Amino acid sequence: HDTPTIEIDEVDEEFRTVRLAASYKHLGTLIHVKGGLMSEIRARTGAAMSIYRKHRRQVFQNRRIDLEKRKMLLKTLVLSVVKFNVGTWPTLSEGEFAYFRTRIHKMYRGIVRSEVGEEMQRGWNDDRVLAFLNMPSAQCLLHEARLSYMVSVLNTGPSILRRLAAGEQRWLMAVRNAGDWLHYQLRGLGPDKFGNLWNPDLEQCAKENPKQFKKWIKLAVQVACGQHKLQTEWREWHHQFLQQCIDFGLELQFPWPEGG
């Protein structure tokens with residue numbers, strides 16, 4: 001047929017004919033016949049980039065606006081569009097994640113450019129951009145979204161949604177990876193106030209105290225950003241130190257000679 005359709009028996013005539021489409025939107029998410037996420041990622045990041053470009057000069061690259069305020073506006077106006085229903089995504093393929101990461105960092109670099117200049121910014125890798133802004137990485141955004149969605153499914157989702165989620169092995173694996181990330185970020189700091197090792201059952205915690213659990217997710221994002229900033233600055237210090245040693249003619253040997 002010109003428009004592919006299927007007929008469903010034993011239902012009301014109003015719903016009997018179903019039109020088939022290569023893709024369609026369901027609750028704001030683009031569903032594609034191929035089953036991959038690239039179409040959805042392109043659509044979602046494209047919508048976010050459209051908002052970003054609209055306010056780029058007046059807001060995000062306007063040095064008269066405090067940097068922290070611009071970052072807050074980026075999170076609320078732009079990243080909120082990116083993160084909508086991202087918690088439902090399973091683990092991305094290598095190509096899907098690379099595209100998602102590139103689009104996120106393009107917006108981050110736009111803000112950095114207004115602070116340090118075009119020439120310097122071009123010499124920065126993505127790690128330095130993230131460290132300068134102290135913003136979450138693309139993977140961190142995915143972990144945060146999946147854990148938040150898990151809390152919603154367990155506490156407010158209908159029983160049929162929980163049963164469907166239990167059968168989505170790729171999504172469950174992504175949530176488990178996000179749980180491992182949460183444990184790693186909060187190890188030694190809490191939520192135990194005495195800094196003991198924290199390794200609870202995530203599902204039980206999310207059910208018993210969802211508000212507190214969401215605070216832990218937020219804390220994990222803050223810790224991840226802070227740790228990345230420290231590690232990047234430490235690597236940069238080492239690089240600058242070695243470069244100065246070379247400039248002054250100091251010969252370095254690795255490993256250090258015995259007794260040296």
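Definitions and cut-offs
- Residues numbered from 1 in each chain as written.
- Predicted model: local features only at pLDDT ≥ 70, side-chain atom pairs only at ≥ 80, totals over all residues.
- Heavy atoms only, no water.
- Salt bridge = Lys/Arg side-chain N within 4 Å of Asp/Glu carboxyl O.
- Helix = DSSP H or I, 4+ residues; strand = E, 2+ residues; numbered from the N terminus.
- Buried < 20%, exposed > 50% of the residue type's maximum accessible area, 1.4 Å probe, protein only.
- Phe/Tyr/Trp six-rings, centres within 6.5 Å; stacked < 30°, edge-to-face > 60°.
- Lys NZ or Arg CZ within 6 Å of the ring centre and 35° of its normal.
- pLDDT = per-residue confidence, 0-100.
- Axes fitted to C-alpha atoms, helices over the stretch in contact; angles between N-to-C directions.
- Parallel < 35°, antiparallel > 145°, perpendicular 65-115°, else oblique.
- Contact = heavy atoms within 4.5 Å.
- Nonpolar A, V, L, I, M, F, W, Y, C, P; charged D, E, K, R; others polar.

A. Representation of the pattern of salt bridges. In the structure shown here, the tally under the stated rule is twelve salt bridges. Across the salt bridge formed by Asp126 and Arg109, the nearest N and O atoms sit 3.1 Å from each other. A residue pair is termed long-range when its members are at least 10 positions apart, and Asp126 in helix H7 (residues 126-133) and Arg109 in helix H5 (residues 94-116) qualify at 17 residues. We note that Asp126, like Arg109, is buried. Here Glu118 and Arg113 are joined by a salt bridge, their closest N and O atoms 2.5 Å apart.

B. Region of interest: the packing of aromatic side chains. Taken as a whole and assessed by the stated rule, the structure comprises seven aromatic pairs. A centroid spacing of 5.5 Å and a plane angle of 5° characterise the contact between Trp234 and Trp237, whose relative ring orientation is stacked. Of this pair, Trp234 and Trp237 both sit in helix H12 (residues 210-247), three residues apart, which is roughly one turn of that helix. Residue classification places Trp234 among the exposed positions, given a relative accessible area of 53%. Between Trp237 and Phe241 the ring centres are 5.4 Å apart and the planes differ by 5°, which places this aromatic pair in the stacked class. One end of the pair, Trp237, and the other, Phe241, are both in helix H12, four residues apart, so they sit about a helical turn from each other. Residue Phe241 is classed as partly exposed on the basis of its relative accessible area, which comes to 43%. Three or more aromatic residues link up through ring pairs in this structure, and these residues are Trp234, Trp237 and Phe241. Directly above the ring of Tyr99 sits Arg42, whose terminal nitrogen or CZ lies 4.7 Å from the centroid.

C. Representation of the confidence of the model for the protein chain in the model. This prediction gives the protein chain a mean pLDDT of 85; 89% of its residues lie at or above 70. Here strand S4 (residues 29-32) stands out as the least confident element of the protein chain, with mean pLDDT 70; helix H4 (residues 67-83) is the most confident, with 93.

D. Region of interest: unusual backbone geometry. Even without glycine at this site, Glu10 takes up a positive phi of about 60°. Tracing the backbone through its elements, the reader meets Glu10 in the loop between strand S1 (5-7) and helix H1 (13-16). Positive phi is not limited to glycine here, since Asn85 has a value of about 65°. Tracing the chain through its elements places Asn85 in the loop between H4 and H5.

E. Highlighting the packing of helix H2 (residues 38-54) against H5. Between H2 and H5, the least distance of the axes is 10 Å, while the angle of their chain directions is 5°. Of the possible angle classes, the one that applies to H2 and H5 is roughly parallel. The segment H2 lies against H5, with Met38, Ile41, Arg42, Thr45, Gly46, Ala48, Met49, Tyr52 and Arg53 engaging Gly95, Glu96, Tyr99, Phe100, Arg103, Lys106, Met107, Gly110 and Ile111. In terms of residue class, the contact of H2 with H5 is built from nine nonpolar, four polar and five charged.

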